[in-house]
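Given next are the chains, with one letter for each unit.
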4 protein chains.
Amino acid sequence: MATLIKNGTIVTGTDLFKADLRIKDGTIRSIGPGLEHAGDVVVDATGRFVMPGGIDVHTHLDMPFMGARSTDDFETGTIAAAMGGTTSHIDFIVPVKGRPLQEALETWRGKAEGKAAIDYGFHLCIVEMTPSTLGELDAMLEDGITSFKLFTAYPGALMIDDGAIFTTLRWAADRGALIQVHAENGPAIAEIVDAMVAEGRTEPKYHGLSRPSALEGEATARVITLAGVAGAPLYIVHLTCREALEAVGKARKRGQRVYAETCPQYLYLSSDDMARPGFEGAKYVCTPPIRDKEHAPALWRGLAQGDILTVATDHCPFDYDGAKRMGEGDFRKIPSGLPGIETRMALLYHGVTENRISLTRFVDAVATKPAKLFGLYPRKGAIVPGADADIVLWDPERDYSLSHKDLHMRVDYSPYEGMTLKGGPDKVFIRGELVADNGRFLGKPGFGRYLHRDRFHPIEL
Amino acid sequence: MATLIKNGTIVTGTDLFKADLRIKDGTIRSIGPGLEHAGDVVVDATGRFVMPGGIDVHTHLDMPFMGARSTDDFETGTIAAAMGGTTSHIDFIVPVKGRPLQEALETWRGKAEGKAAIDYGFHLCIVEMTPSTLGELDAMLEDGITSFKLFTAYPGALMIDDGAIFTTLRWAADRGALIQVHAENGPAIAEIVDAMVAEGRTEPKYHGLSRPSALEGEATARVITLAGVAGAPLYIVHLTCREALEAVGKARKRGQRVYAETCPQYLYLSSDDMARPGFEGAKYVCTPPIRDKEHAPALWRGLAQGDILTVATDHCPFDYDGAKRMGEGDFRKIPSGLPGIETRMALLYHGVTENRISLTRFVDAVATKPAKLFGLYPRKGAIVPGADADIVLWDPERDYSLSHKDLHMRVDYSPYEGMTLKGGPDKVFIRGELVADNGRFLGKPGFGRYLHRDRFHPIEL
Amino acid sequence: MATLIKNGTIVTGTDLFKADLRIKDGTIRSIGPGLEHAGDVVVDATGRFVMPGGIDVHTHLDMPFMGARSTDDFETGTIAAAMGGTTSHIDFIVPVKGRPLQEALETWRGKAEGKAAIDYGFHLCIVEMTPSTLGELDAMLEDGITSFKLFTAYPGALMIDDGAIFTTLRWAADRGALIQVHAENGPAIAEIVDAMVAEGRTEPKYHGLSRPSALEGEATARVITLAGVAGAPLYIVHLTCREALEAVGKARKRGQRVYAETCPQYLYLSSDDMARPGFEGAKYVCTPPIRDKEHAPALWRGLAQGDILTVATDHCPFDYDGAKRMGEGDFRKIPSGLPGIETRMALLYHGVTENRISLTRFVDAVATKPAKLFGLYPRKGAIVPGADADIVLWDPERDYSLSHKDLHMRVDYSPYEGMTLKGGPDKVFIRGELVADNGRFLGKPGFGRYLHRDRFHPIEL
Amino acid sequence: MATLIKNGTIVTGTDLFKADLRIKDGTIRSIGPGLEHAGDVVVDATGRFVMPGGIDVHTHLDMPFMGARSTDDFETGTIAAAMGGTTSHIDFIVPVKGRPLQEALETWRGKAEGKAAIDYGFHLCIVEMTPSTLGELDAMLEDGITSFKLFTAYPGALMIDDGAIFTTLRWAADRGALIQVHAENGPAIAEIVDAMVAEGRTEPKYHGLSRPSALEGEATARVITLAGVAGAPLYIVHLTCREALEAVGKARKRGQRVYAETCPQYLYLSSDDMARPGFEGAKYVCTPPIRDKEHAPALWRGLAQGDILTVATDHCPFDYDGAKRMGEGDFRKIPSGLPGIETRMALLYHGVTENRISLTRFVDAVATKPAKLFGLYPRKGAIVPGADADIVLWDPERDYSLSHKDLHMRVDYSPYEGMTLKGGPDKVFIRGELVADNGRFLGKPGFGRYLHRDRFHPIEL
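Definitions and limits used
- Residues numbered from 1 in each chain as written.
- Chains lettered and ligands numbered in written order.
- Predicted model: local features only at pLDDT ≥ 70, side-chain atom pairs only at ≥ 80, totals over all residues.
- Heavy atoms only, no water.
- Contact = heavy atoms within 4.5 Å.
- pLDDT = per-residue confidence, 0-100.
- Salt bridge = Lys/Arg side-chain N within 4 Å of Asp/Glu carboxyl O.
- Polar contact = N/O pair within 3.5 Å; in protein donor to acceptor, adjacent residues only side chain to side chain.
- Helix = DSSP H or I, 4+ residues; strand = E, 2+ residues; numbered from the N terminus.
- Buried area = accessible area lost by both parts, 1.4 Å probe.
- Nonpolar A, V, L, I, M, F, W, Y, C, P; charged D, E, K, R; others polar.
- Buried < 20%, exposed > 50% of the residue type's maximum accessible area, 1.4 Å probe, protein only.
- Pairing = 2+ DSSP bridges.
- Axes fitted to C-alpha atoms, helices over the stretch in contact; angles between N-to-C directions.
- Parallel < 35°, antiparallel > 145°, perpendicular 65-115°, else oblique.
- Left-handed = near helix turned anticlockwise from the far one by under 90°.
- Domains from an automatic or database assignment.

Enquirer: Could you give an account of the arrangement of the chains, naming the residues involved and the relevant values?
Expert: Chain A makes no contact with chain C; the smallest distance between any of their C-alpha atoms is 15 Å. The two units chain B and chain D never meet; even their closest C-alpha atoms stay 15 Å apart.

In structure tokens:
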């Protein structure tokens, strides 16, 4: 059976035009005005933007962290994603030190299989460098895991030292892998945290004050330099501040292949939220922390111009009246993370309505560039014949206010509670199947397929 | 009658995919795999890139200049353009001081009508500011002339002062017009020129030495500042050097709408060419001059990253054994200009083969961004249903060496004589008509239509 | 007769030490601890800084301007200067167009002779470029006028075009003259002014709003580029804003000889003052205008680090209940200028008490660097044997509040009325003569001598 | 007994003037023209610059390193220093891990006492952070050790991690100590070194190639950020490259207290020297390595403008036909270090003769700023009454060629062999005693006194 989406305005990473679009066997078959085909299911897209399904390349579903577990699993999280217009995501495998990486991959595939409602892939975190690590990474590439995350933060836990980072970058340059970095100067932050706690500064806002933006800028610049010397491309996850953006922009100007991602929380929220009375600031505790107000406008500019290429979520929800409460009286114990997988696209589209970015750049940042960077293009992220029919019909006129009660993420609050938006997904197709329609989920858990990803090809960018 | 282009790889400003494409009534009708339609003319595009026809937004055909006239008129120039894959161009109207602008428009339309083999539009040069000028410019907008060029160079001739520039920018900001600037500090250059001639330095290379890149950088930065204060978007024509690029990049970083164009001569040639023995340097005399070798790599990086958005030609040919000879013994009298309308796309594609820019960025720079900036999108510059079927089948495997004998421009030399290239246009369609095929011109003079252009819409970029 | 200054702390542009100082025949004779000399007049400087007399290199005494005349003449102005610790100044000769420069010099010498209470020199403004101008400038050098001011502001009046500026810079590079520039983009400002007046925006604050800092930054960058191409050193007068400072800093980083001056009004006042209710803003109207609050901290940093080398006053007072009133209802008619010659040193010393600059940098900025830049060193600006005994005993403990009633400038207001300061001059010597003592003027009009200045020697900086 | 230095030209960090100078009881007594005093020893300084004795704040005498020992001890090294015009130095104490810092101080005082011919102080290297470290550092301050060196290089040996660096910076900010940093990314370098050796790249030049300048720039920027967050002043030792200089300049522009030092080897030598045939490159092996040619001009500009404030030597000599030979066949085993304590001032003065820096800046960089930064001012580094009479009579006309045979350092080669210089020390006084005269050493070992240094006072800079 085929589907004919008629009368919509197609939006890609560069183009904007009126045309019909025909889906058959899960892929896009043809694009043109006045398409007709007997027997097709016809979907009227009048007044809708017809765009590629969103790809969220930074999620943490069902993840053990700081003694808790992110509240969304691959079922609830991916249903929420679909409701928000996201049709693929890439989650992070976090291996246990001393255990084989393959085991971690199996654990994560086990979490997703039978549960995921949208297509999914994995990045792998590298949390130690042993004599066998590089060999195991080679094996990962064969399994379609082609991007790897390193940490300059969390000393004693996830952090590896600059020598191991450099070795990994050299390996990646040779293999066509893409290294992602969580960039903050962990050891210096640990000293500040200790000093703050010693002084009795334990409210949620001190989470932010203990991690100054300068230390994200430093670590970002450092890893960019290491990547430059190693000749490796580099992807900065969740960039939050001007200092880091400046480092990225400077490197790009001299021609280095550096790509950055930000998240909606850094575009819309501020350190003022973390300083809300009582313990409410805990709702806004994520890492790196949300910054002072003056950073967001710079991030928007970076996004408009491409120094920030993608918008992902770092989705990692914890209940406020749940795990977050572990940190009352000690900000160090607040599980760090925010919900976001469902609201990403609507929040970024808000920037289009405010003329911060163009409509094509919106599509580019939430779908096309993620696909290209992470080896999914042109299967995903594109409205082109032959691509998977992951399609969102976006209603630019829908007016609504965000409330966690209306959202599908399994968490008891929204950081954007009460925010008024215009524009959201109307119908969502994954591989041709209608999985969400006007606020109803029509898909099913387990429909999502594992994404075996290609290696990094800079030439497609 | 319809045409079906089968088995090609479609390339747009962002996408790259295999699909067929059907043309009917001069426009693109549908895109999809395995298209079939009885009665269609079928064109096999196996091994070809199917891309939008090129748009050259900087040409000077049939232009009186420095006592000579550019050797290509709208017939020879546009035939050459078509042979090189360019299907639309925008030429510059140069009014006579003291005469109505409308008269100049009529003169230029008269030059083109019945002769142009490709579609054509006009920019207007503003060479004086009289009490009636702004009113006349308003009328131009109604005629589809929506971009206007100012000069900080050529004092006493084309230059207007910073006050008039500022007034024009304010008007443009209000009206949705786009101001283009030839940015060099004319008065300072005039002093240097006089001093050089006084010292007997009259060979062609002194044309370049009398116009240092710092003075282009200065004027570029100046006009960017004026545009910023006026709130107007700005387009820098033929940017040649690092200083100017730095000014553009800095403005873009802070969010200002500044767009830059460069030309192949600044990417491939150098001041060494102007210093060739005897009078041969005259072949390379254009304004701004071709720079020292270290500038071109910076321009390529700017092009890859978007600080330089478009590549045009400043096509303005003069015969070496003709008008150029007027300047023997006095570089001031060498008519300034190079041929280029035919070779632009092949030269820029060369940068793709050398991994300087991606294939999609190539298409973006020669077709999509020119269309978007100058009010032609999505009619032109896009492979989307509904667009004019201006299409090039690009053969990436074609090997050849450039020689003016094989080219169609009416001029007795090529600045790139002997340069080896790979890749060039195979078939070229304009509004569905095949106008060039494997080196033969199949179109006809007068086929080109006047392009009534829309006003500037930043949101489409 | 000789004078022995005992027990003070000597401060120079680099050193700070306790020593006695002996003056004889108008010059410094010896420096050392425990100096004794029978018959000397002994001055106890316990608790005082013993520093070189201040040099104000930017004053406009007895100057016709905008239909008025600056209220201080060479008598009242230099007495006020002496009371503030300034022992030399350099005033600007403003020639009449079409008249010989020598005539202008004579006019200005006539204003000063017999009246000046401190030593004085002259800069010359170049307000037109005629065939005889460069020859006349050569003659000026012989008369000890070695610095020349150009304007990119005031089109139709003082402005000369970029070609003339460039020619002058080349001449200066060859002759060892120092070019000073008032840098604002005059023609663009004229357009804004006209538009504002047309819209009925005529209050004093529109003086500032019509001259945006970006247009000072632009002109500063432009003239720096011209000076760089010409190979000439450059001195930017009254730099007021971040944009201009950035241009200076960038040039200095690449090794260009660019020097900048600011004035106390740009360090302490802000555009808020110009927006005071009623007509009071007129008290703060000067050109370039006083900027928004965020600029001053950048100027202080520039001053600490040397990108701003000197602090002068642009002293040019007009009575509020006098000439300033001409501009009620039309900001264009407010005579532009502030009083300052008397308060410069105390205001800058305030920055020492606030740890913005060091004590040695204070002396350097108000005395040593002015002397070195303008051909007076080591006769002036230094505490070294052989130098003129122009010496200030500075009392760091004096507490007081500024009021025009206590000041000696001939003007009916102070822009700093009520500001509380700590530190001021106690005793002031010029060529060994005590001219001010504890708030009493002891000198006499006509005591001041003409300063025949040397040419510019970068090596002394 | 007193000494009268007559007819010289006194040069300080800011002033240049003709005057006599009288020394009594080891200190400067008075400065003035025509000084006369019966019974004084009169020294004629006609044609000489009379300047403060040089202070070398970076030396390694008698230091065990890499299995060898620097060949100069406190006797030979300080005699050589005196012969070159250096009258004080500050050496580095390198503690043994696990042992008390006080013990290390005693060891180093033991090396110097009875041997040093010039005055000497100590910095302390912090090579580990134990629970007692900060307390021990407090004790050091009482002993007059007020500056402390940290390493981001040499992992597993001298390096401490960013957390410990940050803690130390915070302590220093609180105590008025000055932290010095050897800034290179040690862990990344270790990976490169291993890879090079694995590939058989073991010649001396690979020492340089394994330590790219980008990794010095990175570490410099990193520690500057840490110091900024900690609120501590920072001193970068032996800065060698553009990347590091850019980081310093950027920090200084925003007002951070960052000071940099370079050494003559980075101003005059290049990586070409390390690539000399055979093993000769070992003569040029020091750390950070000497850079490619394009770096030195940037360092000179930085020195002229103050982003580089001081010039020291990192004097650490090893015989070429001695310890250096340990590294034949394995660059890792070449003891890293160059001789320089004797030639520093003549080499930097060469920059004055080439117009790279002014004469006053020369004095400032080799004497005044070192004294101010390291708590010795105004006792040292100044020609002011009351200061120690550490004085050099500099002969600007002396012509000679450098050869290790004529030099007094105890090492078998000079990196500058054959270099032609103009200008050198004629007579050298320490605390009024003539210790060197026209190439003869007149002082005696043990004459040097320990310098108990004050804490850091930014206000004096």
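Enquirer: Describe the confidence of the model for chain A, listing the residues and the values that go with them.
Expert: Averaged over all residues, the pLDDT of chain A equals 97, while 99% of them reach at least 70. With pTM at 0.94, the complex prediction returns an ipTM value of 0.95.

Enquirer: I'd like to hear about the interface of chain D and chain C, residue by residue, with values.
Expert: At the interface, 38 residues of chain D touch 38 residues of chain C. Summed over the shared surface of chain D and chain C, the number is 2 salt bridges. Lys-253 of chain C is the salt-bridge partner of Asp-307 of chain D, the closest N and O atoms lying 2.3 Å from each other. At the junction of chain D and chain C, the tally comes to 13 residue pairs in polar contact (both at pLDDT 80 or more). For the side of chain D that touches chain C, the elements supplying multiple residues, two or more each, are strand 2 (16-24), strand 3 (27-32), helix 8 (242-253), helix 11 (295-305) and helix 13 (359-373) of chain D.

Enquirer: Please set out the interface of chain D and chain A residue by residue, giving values where relevant.
Expert: Each partner contributes residues to the interface: chain D has 21 residues there, and chain A has 21 residues. Across the chain D/chain A interface, buried area totals approximately 1700 Å², and carbon plus sulfur atoms make up 67% of it. Run the count over chain D and chain A and you get 4 salt bridges. Notably, a salt bridge pairs Glu-218 of chain D with Arg-222 of chain A, separated by 3.8 Å at the nearest N-O pair. Across the chain D-chain A interface, the total number found is 6 residue pairs in polar contact (both at pLDDT 80 or more). Looking at the side of chain D that touches chain A, the elements with two or more residues in it are helix 4 (162-175), helix 5 (186-198), helix 7 (213-230) and helix 8 of chain D. By residue class, the composition of the side of chain D that touches chain A is 10 nonpolar, 4 polar and 7 charged.

Enquirer: Before we move on, could you go through the environment of Met-409 of chain A and cite the residues and values that matter?
Expert: Residues and elements named next belong to chain A. Note on placement: Met-409 falls in the loop between strand 18 (391-401) and strand 19 (420-430). Taking relative accessible area as the criterion, Met-409 reaches 9% and is therefore assigned buried. Along the backbone, Met-409 and Ala-221 are 188 residues apart, and their C-alpha atoms lie at a distance of 35 Å. In contact with Met-409, not counting residues within four places along its chain, are Asp-72, Ala-80, His-315, Pro-339, Gly-340, Ile-341, Glu-342 and Thr-343.

Enquirer: Residue-level account of the pattern of salt bridges, with values.
Expert: Residues and elements named next belong to chain A. As enumerated under the stated definition, the model contains 169 salt bridges over all chains in all. Residue Asp-20 pairs with Lys-6 through a salt bridge whose shortest N-O separation is 2.8 Å. Of this pair, Asp-20 sits in strand 4 (residues 20-24) while Lys-6 sits in strand 1 (residues 2-6); the two residues are 14 residues apart in sequence, bridging distant segments of the chain. Here Asp-20 and Lys-6 have matching classes, each one buried.

Enquirer: Which residues make up the environment of Leu-376 of chain D, and what are the values?
Expert: Residue and element names in this part refer to chain D. Structurally, the position occupied by Leu-376 is in the loop between helix 13 and strand 16 (391-401). You can call Leu-376 buried: its relative accessible area is 1%. Through-space distance from the C-alpha of Leu-376 to that of Arg-170 is 23 Å; in sequence the pair is 206 residues apart. Contacts of Leu-376, omitting those with residues within four sequence positions, involve Ile-55, Ile-90, Ala-371, Leu-451 and Arg-453.

Enquirer: Outline the pairing of strand 4 of chain A, listing residues and values.
Expert: Residue and element names in this part refer to chain A. Most of strand 4 is tucked away: 4 of the 5 residues are buried. One ladder, built from 4 bridges, connects strand 1 with strand 4; its direction is antiparallel. Of the residues in strand 4, the one forming a bridge with Ala-2 is Lys-24. As paired elements, strand 4 and strand 5 (residues 27-32) share 5 bridges and run antiparallel to each other. Directly across from Ile-23, in strand 5, lies its bridge partner Ile-28. Counted along the chain from strand 4 to the antiparallel partner strand 5, the turn is 2 residues long, and its residue Asp-25 has a positive phi close to 50°.

Enquirer: Hey, could you go over the packing of helix 4 (residues 162-175) of chain A against helix 7 (residues 213-230) of chain A for me, with residue numbers and the actual values?
Expert: Residue and element names in this part refer to chain A. Between helix 4 and helix 7, whose axes approach to 9 Å, the crossing angle comes to 45°. In terms of orientation, helix 4 lies oblique with respect to helix 7. The interaxial crossing formed by helix 4 with helix 7 has right-handed handedness. Residues Asp-162, Ile-165, Phe-166, Leu-169, Arg-170 and Ala-173 of helix 4 form the contact with helix 7, whose participating residues are Arg-222, Val-223, Leu-226, Ala-227, Val-229 and Ala-230. Its residues placed into classes, the contact of helix 4 with helix 7 shows 9 nonpolar, no polar and 3 charged.

Enquirer: How would you summarise the domain arrangement of chain A if you had to cite specific residues and measurements?
Expert: Residues and elements named next belong to chain A. In terms of domain boundaries, chain A breaks down into domain 1 (3-51 + 383-441) and domain 2 (53-373). Taking only C-alpha atoms, the centre of domain 1 and the centre of domain 2 are 27 Å apart. Its largest share of buried area at the contact with domain 2, domain 1 owes to Arg-410, Tyr-413 and Tyr-416, together 21% of the area lost on that side. Our count for the contact surface shared by domain 1 and domain 2 stands at 2 salt bridges. Between Arg-431 and Asp-119 there is a salt bridge, with the nearest N and O atoms lying 2.6 Å from each other.

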